[in-house]
Amino acid sequence: MTPFSRKPPTNSSTKPCGSSELTRIRVGGLELLADLSGALHAPDYRALLVADLHFEKGSSGARRGAHLPPYDTRSTLKTLMEAIERHRPERLLALGDSFHDRAGPERLDEIDRAAIGTLGNAVDVMWITGNHDPALPASLGGRIAAEIALGPVMLRHEPRAGATWEIAGHLHPVAQITRRGRNLRRKCFIGDGGRLVMPAFGAYTGGLNVLSAPFGVLFPERRFRVWMIGGRAIHVFPSDRISP
Amino acid sequence: MKLSSIPTIAPSPLGGGGPQPKLPHFVRDWFATRGWTPRQHQIDVFVKAAQGRSVLLIAPTGGGKTLASFLPSLSELKDSGGQGLHTLYVSPLKALAVDIARNLEHPVREMGLDISVETRTGDTPPAKRQRQRHRPPDILITTPEQVALLISMAEAPRLLGTLRRVIIDELHALAASKRGALLSLGLARLQTLAPDHRRIGLSATVADVNALRAWIEPQSDDEGADELAALVEGGGGATPEIAILDTDQRIPWAGHSARHSIGDIYWAIERARMALVFVNTRSQAETIFQQLWMVNEAGLPIALHHGSLDATQRRKVEAAMAAGTLRAVVSTSTLDLGIDWGEVDLVINVGAPKGSSRILQRIGRANHRLEEPSRALLVPANRFEVLECEAARAAVIEGAQDTEGPAELKLDVLCQHILGVACAGPFHPDALHAEVKRSFAYRRLERALFDKAVAFVSTGGYALKGYDRYAKLRPLADGRLRLAHPRLAQHYRLNVGTIVAAEMVKVRLVRRRRGGLEGTSALVGGRVLGEVEEWFIEQLKPGDTFLFAGEVLRFEGLDGLNAMASRSSASDPMVPSYLGGRFPLSTYIAGRVRAMLADPASWGHLPPQVRDWLSVQRWKSRLPRQEEMLVETFPRGSRHYLVCYPFEGRLAHQTLGMLVTRRLERMGAQPMGFAASDYALSVWAVRDLSLMIGTGRLSLQELFDQDMLGDDLEAWLEESHLMKRTFRNVAIIAGLIERRSPGQEKTGRQTTVSSDLIYDVLRSHEPDHILLKAAFDDAATGLIDLGRLAQLLARIRGRIIHQPLDAVSPLAVPVMLEIGREPVYGEADDALLEEAANELIDEAMRLI
């Protein structure tokens, strides 16, 4: 576990450009800002949180003959860099499954490998391990940890049913609302004030509906809210407004 | 199609003494013992085929086409059967193969021939298929997908090298589709394997006969005119008698239910021996069927037939029709093709005919005896459809055709074919390119594009970063390419074909059983009623009722890939709004409707209500001349509307709506939404559009300028769901992503990647990729209908007339009624999300 202590905020702006309003999410007393990209900014700690980058998912099936466009890592990195530009954090905390599989780091091409290297110039990178990437090579740069304490809140890959204050990834939450006979399905943050599960950040990541069983264990009796990521803004809905 | 129903009448126009001796004796004798005379076209096909020509036979259903196509084979096989596969008969309908085989066996037996006839479809047991590879029959009746599978086998050269004849049934329907493109490539392959084989194409009447003649014939290398097969025309039969339902009821302004004319439809059914009631969508089929049973006082046997129903259910209905025990069948296009139902004497088409050829084909289903006119009744469901029915009737009387031409240069299909060829054995790219160019559909395929397709098959064909290590095709020393691993061939065989179905969910009928714990009721039973698109089921909540398989069902819940539903006593269900089975309004019919509107002298046939409607329009606003486009602007409620009337079909209007809204936004009109019908487009905005146009701040010429097909289109395509849907199909056909196998659980964190995400990534990193080109080509003629839109913008240049109004005009009413009724596919999603969020805020802020 790697603890973080609170740092006094500096004078730089935390306002994301492009989106009109900041969407605030509170977890265990922490004030967090949700970004349209699916990242989460903790201004008090000057930290940007992302979950489930799944680098090299595109190339993961190549051996079996699935030749998906191998540009997902590049896309994900581009979105990530833009979020870093917006929030100018001091550190980047990746909440696990940063690579789609163990062999992912080896499959990186030179451009993407270099881009991950330059991340380290802009921010301190901390990789939390996940079930897809339980071991990460040191050559990646940055620090590697199983969990991180962000003040009172634990950051980890898989949410833990008993945990009090935590931010996790792993589940790839999406929520759906039905409006005028149409289903609108979007990646989302899901939380209850004590726990927050972040959306998957990677360009090729899918999603799991927040009304499915794994979320029920974490948020019994549907006591949660979702922050759905639209094209222009993030919208918050209580659990009774969303559909399976 | 049904050989045993060859009419006994019809003395040949040339009598018995003309060309008849050219048929071999045993065939003439067989005709004589049956008391029949061969039809002229049967003789002509035989003669042309005997001369070594490939032949296109165009004849209406019921003309003995199938027998005509088999006579050359029977003659050649008379004394030389059992020497390998001689004839391949390709039918688009799997269900038909068995019927054709059975019907062929009668003459084969009666002529005393020792010829083996077998079928091979997806339903054929593996053991039989295996045996056919080693001991093939003389005549094999099969589908385009099976042809693709046959040529992908290692033993293809031996198995198919003996071929002498290939017969392609329903060519008019097949050639227009990707299945046709796949078959076209398959034929080019067969040409290499069996250079001496000749082809016979069977077709209904089409607009461009020469395109089909060329489709049948192998094409040559030179860039000159297409090579054409010989043509035999079977004559059209009598001109059909078409009536348009004249009702005392008020004709609706919009909608497609035709509820107002149910009584009249029932009346017509009662007076017919057997009626086929055709509709355009499955939801219409369900609704009409349910309503007919509500008025079915005589308890007439009326059945339902559409693509979502369980196959055994459909076969039952077909059998009952063949046995003549039904009085009417309500059907979608599932009965457009196929077996002749002997007893059908009336075709009722409910809703707009949409195309002249489509309605001719449907009317032809009542063509019991060729020499008697078919009888048809057109039932318009709204006022515009009255105009459309009139236009269609005039077109049918003239015999005007508006069929689509053959599909060409489908790149996703080409990719699939290349892999299929590689599965059979190594190939040389030069030779395969030359071979592919002999197919009609790819005769203009440039080498560079072909090479891109080969690169895609091998490594995905990406520019910046390759999968060379994992290439599916490996070069040999002689320049040929071979498959890297046999596993890829197995994989290919599971994914072959060009039909990409929407993800479907089985609808299972369950009963609620009381009891259990604390009043919960268990669900028991489980007969499968059919299948329905997953997206439709996903929008249902348990307890919602919907119409399916002719019953009102209550949705109980989803169990894996089964939708559990119980019988409901509700009488007013939430009707399933299947989009399946919608047809575009043909350019030809649209042109006729525009001409009719422009010419009040032609309104004589129209019902008084419709005449009044148009007269009031002329008085209150105006009627556009045929080449003009009328644009009306008027205020209503707190909004300002712009309604235009391009008559180019709903898909083109929808695209126009997207693009026009973007431009209005830029011009500062603050547009809020739009609705499209087959005839018109309505856009609404915050700003006063009449005023903006009147003061020159908004130029209609600019708004509808052709340059909207540049950057605006580009920007819209980036986020268009229609493009994404098209891309998914292309990616599956080309083999980039797999079809979802049945029973595969949706976990959300599945290892497969959604095609939408692939589209986004590919588009931003490699916009010139071959699959994006394939998707764009498909969408341009399909879901976004750019072709029609481009034609429209060119047609109306300098011919836009503006009419500011104080209130809505009569002509605008139908499209105004569409507002909120037809969801525009997935474009204003963010607006909806915001609306949902704001509604919540409003509720929270309300004081009471």
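Small disclaimer: the values here were computed from a predicted structure and weren't measured.

**Student:** Quick question: what am I supposed to make of the overall build of chain B here?
**Tutor:** Looking only at helices and strands, chain B has 32 helices and 25 strands in total. Among the 848 residues that make up chain B, the fraction classed as buried is 48%. Summarising the internal contacts of chain B: among those between residues at least 6 apart in sequence, 75% fall at separations of at least 24.

**Student:** Hey, could you run me through the nonpolar core in this one?
**Tutor:** Note on soluble globular proteins: their nonpolar side chains tend to be buried together. Counting 222 residues, the largest nonpolar core has Leu57(B), Val277(B), Val330(B), Ile348(B) and Ala453(B) as the members making the most contacts within it. For this core, the leading source of residues is helix H16 (residues 411–424) of chain B, giving ten residues.

**Student:** I would appreciate a short explanation of the pairing of strand E5 (residues 165–168) of chain B in the present structure.
**Tutor:** Moving residue by residue along a regular strand, the side chains alternate between the two faces of the sheet. Residue and element names in this part refer to chain B. Every second residue of E5 is oriented toward a common face, with Arg165 and Ile167 on one face and Val166 and Ile168 on the other, all of them buried. Both strand E2 (residues 87–90) and E5 contribute to a ladder of four bridges, which runs parallel. Note on E5: the bridge partner recorded for tyrosine 89 is isoleucine 167.

**Student:** What is the right way to read the confidence of the model for chain A from this model?
**Tutor:** One rule of thumb: low pLDDT means the predicted coordinates there are not for detailed reading. When the pLDDT values of chain A are averaged, the result is 89; 90% of them are 70 or greater. Contacts of residues 7–20 of chain A to residues separated by more than four positions or lying in other chains number 19 contacts, the stretch itself having pLDDT below 50.

**Student:** What is the right way to look at the sheet that holds strand E6 (residues 198–203) of chain B in this model?
**Tutor:** Strand pairs in the sheet, formed through backbone hydrogen bonds, run parallel or antiparallel to each other. Residue and element names in this part refer to chain B. Judged by pairing direction, the sheet is parallel, and its seven strands sit side by side in the order E3-E4-E2-E5-E6-E1-E7 without closing on themselves. Two strands in the sheet have a free side with no partner beyond their single neighbour: strand E3 (117–120) and strand E7 (230–233). Here the average twist between neighbouring strands, direction ignored, is 15°. One ladder, built from four bridges, connects E3 with strand E4 (residues 139–142); its direction is parallel. Considered in E4, the bridge of glutamate 118 is made with leucine 140. Taken strand by strand, helix H2 (residues 40–50) contacts strand E1 (55–58), E6 and E7, and its axis lies near 170° from that of E7. Of the strands in this sheet, E1, E6 and E7 are in contact with helix H10 (residues 209–216), which crosses E6 at around 150°.

**Student:** I would appreciate a short explanation of the pairing of strand E13 (residues 375–379) of chain B in the present structure.
**Tutor:** Residue and element names in this part refer to chain B. With five of five residues buried, E13 is to be regarded as a mostly interior element. The side-chain alternation of E13 yields two buried faces, one formed by Arg375, Leu377 and Val379 and the other by Ala376 and Leu378. Pairing between strand E8 (residues 241–244) and E13: four bridges, direction parallel. Bridge assignment links isoleucine 244 to a residue of E13, and that residue is leucine 378.

**Student:** Would you mind showing me how to read the packing of H16(B) against helix H18 (residues 447–459) of chain B here?
**Tutor:** Residues and elements named next belong to chain B. Interhelical geometry of H16 versus H18 gives an angle of 60° and a closest axis separation of 9 Å. Relative to H18, the element H16 is oriented oblique. Viewed along their axes, H16 and H18 form a crossing whose handedness is right-handed. Along the contact surface, H16 presents Leu411, Leu414, Cys415, Ile418 and Leu419, while H18 presents Ala453, Val454, Phe456 and Val457. Its residues assigned to classes, the contact of H16 with H18 comprises nine nonpolar, no polar and no charged.

**Student:** In this structure, what is going on with the environment of Glu531(B)? I would like to understand it.
**Tutor:** Residues and elements named next belong to chain B. Here glutamate 531 is to be found in strand E17 (residues 522–533). For glutamate 531, a count of 22 C-beta atoms within 10 Å translates into the label buried. For the pair glutamate 531 and serine 602, spaced 71 residues apart in sequence, the C-alpha to C-alpha distance is 45 Å. In contact with glutamate 531, not counting residues within four places along its chain, are Ser308, Met504, Val505, Lys506 and Val507.

**Student:** Help me understand the packing of helix H1 (residues 72–87) of chain A against helix H3 (residues 110–122) of chain A, please; the structure alone is not making it clear to me.
**Tutor:** Each pair of packed helices can be summarised by the angle the axes make with each other and by the distance between the axes. Residues and elements named next belong to chain A. Packing of H1 against H3 brings their axes to within 10 Å, and their N-to-C directions diverge by 15°. By the criterion of interaxial angle, the relationship of H1 to H3 is roughly parallel. Between H1 and H3 the crossing geometry is left-handed. Mapping the contact onto sequence places Thr73, Arg74, Leu77 and Ile84 in H1 and Asp112, Ala115, Ile116 and Ala122 in H3. Among the residues making up the contact of H1 with H3, the classes are represented as five nonpolar, one polar and two charged.

**Student:** Quick question: what am I supposed to make of H1(A) here?
**Tutor:** Residues that lie three or four places apart on an α-helix share one face, since the helix turns once every 3.6 residues. Between its first and last C-alpha atoms H1(A) spans 23 Å; for 16 residues at 1.5 Å apiece the expected length is 22 Å, and the two agree. Along H1(A), the residues classified as buried are Asp72(A), Thr73(A), Arg74(A), Ser75(A), Thr76(A), Thr79(A), Leu80(A), Ala83(A), Arg86(A) and His87(A). Buried positions along H1(A) lie against strand E4 (40–42), strand E5 (47–50) and H3 of chain A together with helix H28 (755–765) of chain B. One or two positions beyond H1(A), positive phi appears at Arg88(A), with a value near 45°.

**Student:** Explain the sheet that holds strand E7 (residues 124–128) of chain A to me, please; I cannot follow it from the model alone.
**Tutor:** Residues and elements named next belong to chain A. Taken in spatial order, the seven strands make up an open sheet running E2-E3-E4-E5-E6-E7-E8, and their pairing is mixed. Single-partner strands in this sheet number two, and they are strand E2 (23–27) and strand E8 (143–145). Within the sheet, the average angular offset between the axes of one strand and its neighbour, ignoring direction, is 25°. Judged from the two bridges that link them, strand E3 (residues 30–34) and E4 form a sheet pairing that is antiparallel. The residue of E4 that forms the bridge with leucine 33 is histidine 41. Each of E4, E5 and strand E6 (91–94) is contacted by H1, which is oriented at about 155° to E5, the strand it contacts most.

**Student:** When you look at unusual backbone geometry in this model, what are you seeing that I'm missing?
**Tutor:** The phi torsion of most residues other than glycine is negative, and most of the peptide bonds are trans. Residue and element names in this part refer to chain A. Even without a glycine there, the phi angle at aspartate 52 is positive, about 55°. Within the secondary structure, aspartate 52 sits in the loop between E5 and H1. Here glutamate 221, not a glycine, exhibits a phi torsion of approximately 55°, which is positive. With respect to the helices and strands, glutamate 221 occurs in the loop between helix H4 (213–218) and strand E16 (225–229).

**Student:** What is the right way to look at the environment of Pro608(B) in this model?
**Tutor:** Residue and element names in this part refer to chain B. Following the sequence through the fold, proline 608 ends up in helix H22 (residues 608–620). Judged by the 9 C-beta atoms lying within 10 Å of it, proline 608 is exposed. It is 40 Å that separates the C-alpha atoms of proline 608 and alanine 779, two residues lying 171 residues apart in sequence.

**Student:** What's the story with the confidence of the model for chain B in this structure? I'm lost.
**Tutor:** All names here are of chain B. The predicted model of chain B averages 86 in pLDDT, with 88% of residues at 70 or higher. Overall, residues 516–520 carries pLDDT values under 50, and its contacts beyond four positions in sequence, including any with other chains, amount to two contacts. Every residue in residues 822–827 scores below 50 in pLDDT, and together they form ten contacts with partners more than four places removed in sequence or on other chains. The complex prediction reports pTM at 0.87, with the ipTM value standing at 0.89.

**Student:** When you look at helix H15 (residues 383–398) of chain B in this model, what are you seeing that I'm missing?
**Tutor:** With 16 residues, H15(B) should reach 22 Å at 1.5 Å per residue; the first-to-last C-alpha distance of 23 Å fits that figure. Most of H15(B) sits out of view: 13 of its 16 residues are buried.

What counts and how
Residues numbered from 1 in each chain as written. Chains lettered and ligands numbered in written order. Predicted model: local features only at pLDDT ≥ 70, side-chain atom pairs only at ≥ 80, totals over all residues. Helix = DSSP H or I, 4+ residues; strand = E, 2+ residues; numbered from the N terminus. Buried ≥ 20, exposed ≤ 12 C-beta atoms within 10 Å, placed from the backbone. Contact = placed C-beta atoms within 7 Å. Core = buried A, V, L, I, M, F, W, Y, C linked by C-beta atoms within 7 Å. Pairing = 2+ DSSP bridges. pLDDT = per-residue confidence, 0-100. Axes fitted to C-alpha atoms, helices over the stretch in contact; angles between N-to-C directions. Parallel < 35°, antiparallel > 145°, perpendicular 65-115°, else oblique. Left-handed = near helix turned anticlockwise from the far one by under 90°. Nonpolar A, V, L, I, M, F, W, Y, C, P; charged D, E, K, R; others polar. Expected span 1.5 Å × (residues − 1).

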